[in-house]
Amino acid sequence: MAIMVTGCLSTFLVLQLDEFRPHVGDIVAFRAGSQDTDMWQMSVPATLVAGAPNAACALDPNVIAQKGGSLIVEGRQDEPPVRYLVHWAGSGTASAPGDCGVSANLLMSRTDLQRLANAAGGFGVGDKGIVQ
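Fair warning: this is a prediction, and the values are worked out from it, not measured in the lab.

Basis of the calculations
Residues numbered from 1 in each chain as written. Predicted model: local features only at pLDDT ≥ 70, side-chain atom pairs only at ≥ 80, totals over all residues. Heavy atoms only, no water. Helix = DSSP H or I, 4+ residues; strand = E, 2+ residues; numbered from the N terminus. Buried < 20%, exposed > 50% of the residue type's maximum accessible area, 1.4 Å probe, protein only. Contact = heavy atoms within 4.5 Å. Areas by Shrake-Rupley, 256 points an atom, 1.4 Å probe, with all protein chains shown as cover. Disulfide = S-S within 2.5 Å. Salt bridge = Lys/Arg side-chain N within 4 Å of Asp/Glu carboxyl O. Pairing = 2+ DSSP bridges. Axes fitted to C-alpha atoms, helices over the stretch in contact; angles between N-to-C directions. Core = buried A, V, L, I, M, F, W, Y, C linked by side-chain atoms within 4.5 Å.

Engineer: It is not clear to me how the overall build of the chain should be interpreted in this structure. Could you clarify?
Structural biologist: Broken down by element type, the chain carries three helices and six strands. Element order for the chain, N to C, with α for helix and β for strand: α-β-β-β-α-β-β-β-α. Counting only residues that meet the buried cut, the chain has 36% of its 132 residues in that class. Relative to all contacts within the chain whose residues are 6 or more apart in sequence, the contacts with residues 24 or more apart total 61%. When the accessible area of the chain is evaluated, it comes to approximately 7,500 Å², of which 60% is carbon and sulfur surface.

Here it is, written out as structure tokens:
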């Protein structure tokens, strides 16, 4: 039991370090045709910033991986809850309804941004190193 508690506490503390958080300039890139379909059973919620303010849309890694696209972290709102301003460019993000379009400025949580990065193989392009 002590080992499990220590492991959970260590993981929590490491995640709180700023070094492991997404930074402005980080990129999440999906290469077209890079993944098997239905590999990720999730849909990540986002909020559109421009156009129809506070309109919700979704990013589905399976849809994105078919034709490709990328997210660039453009800013971070530090007041709770912490949210990231990202710019999406690429193919559609989800099956209609809920598609964010081919280009959009979005707000999303750190957890949701990390989930998308995990689905793409990590932050960055190429060998998936962090690009800053």
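Engineer: What's the story with helix α3 (residues 110-120) in this structure? I'm lost.
Structural biologist: Residue pairs spaced three or four apart in an α-helix point in one direction, given the helix's 3.6 residues per turn. All of the buried residues along α3 are R110, D112, L113, L116, A117, A119 and A120. The positive-phi residue at the C-terminal boundary of α3 is G121, with phi of around 100°.

Engineer: Is there a simple way to explain unusual backbone geometry in this structure?
Structural biologist: Note on backbone geometry: most residues besides glycine have negative phi, and most peptide bonds are trans. The peptide bond linking P80 to P81 adopts the cis configuration, its omega dihedral lying at -10°. With respect to the element layout, P81 can be found in the loop between β4 (69-77) and β5 (83-90).

Engineer: Mind showing me how you'd approach the state of the cysteines here?
Structural biologist: Working definition of a disulfide: a covalent bond connecting the sulfur atoms of two cysteines. Scanning all chains against the criterion turns up one disulfide. Each sulfur in the disulfide pair C57 and C100 lies 2.0 Å from the other. Between C57 and C100 the disulfide shows an S-S torsion of about 90°. By sign, it is right-handed. Here C57 is found in strand β3 (residues 56-59), whereas its partner C100 is found in the loop between β5 and β6 (103-109), with 43 residues between them in sequence. Under the relative-accessibility criterion, C57 is labelled buried at 6%.

Engineer: How do you make sense of the pattern of salt bridges when you look at a structure like this?
Structural biologist: Opposite charge on two side chains allows them to pair when their charged atoms are near. All chains considered together, the criterion is met by two salt bridges. In this structure, R76 engages D78 in a salt bridge whose closest nitrogen and oxygen atoms are separated by 2.7 Å. Residue R115 is joined to D112 by a salt bridge in which the shortest nitrogen-to-oxygen separation is 3.1 Å. You can see R115 and its partner D112 sitting in helix α3, three residues apart, about one turn around the helix.

Engineer: Explain the sheet that holds strand β2 (residues 44-48) here, please?
Structural biologist: Two strands in a sheet stick together by hydrogen bonds in their backbones, pointing the same way (parallel) or opposite ways (antiparallel). Sheet architecture is open: six strands sit in the order β1-β4-β5-β6-β2-β3, paired in antiparallel fashion. Each edge of the sheet is formed by a strand with only one pairing partner; in this case those strands are β1 (27-30) and β3. With direction set aside, neighbouring strand axes in the sheet form an average angle of 35°.

Engineer: Is there a simple way to explain the pairing of β6 in this structure?
Structural biologist: In summary, the side chains of a regular strand alternate between the two faces of the sheet. Relative to β6, β2 runs antiparallel, the two being bridged by two bridges. By the bridge assignment for β6, L48 is matched with L106.

Engineer: What is the right way to look at the nonpolar core in this model?
Structural biologist: In a soluble, globular protein the nonpolar side chains are often hidden away together inside. Counting 24 residues, the largest nonpolar core has V28, L59, L71, V86, L106 and L113 as its most contacted members. Tallying contributions element by element places α3 first for this core, with five residues. Once you skip the residues sitting within four places of it in the chain, L106 turns out to touch A46, T47, L48, V49, C57, L59, Y84, L85, V86, W88 and C100.

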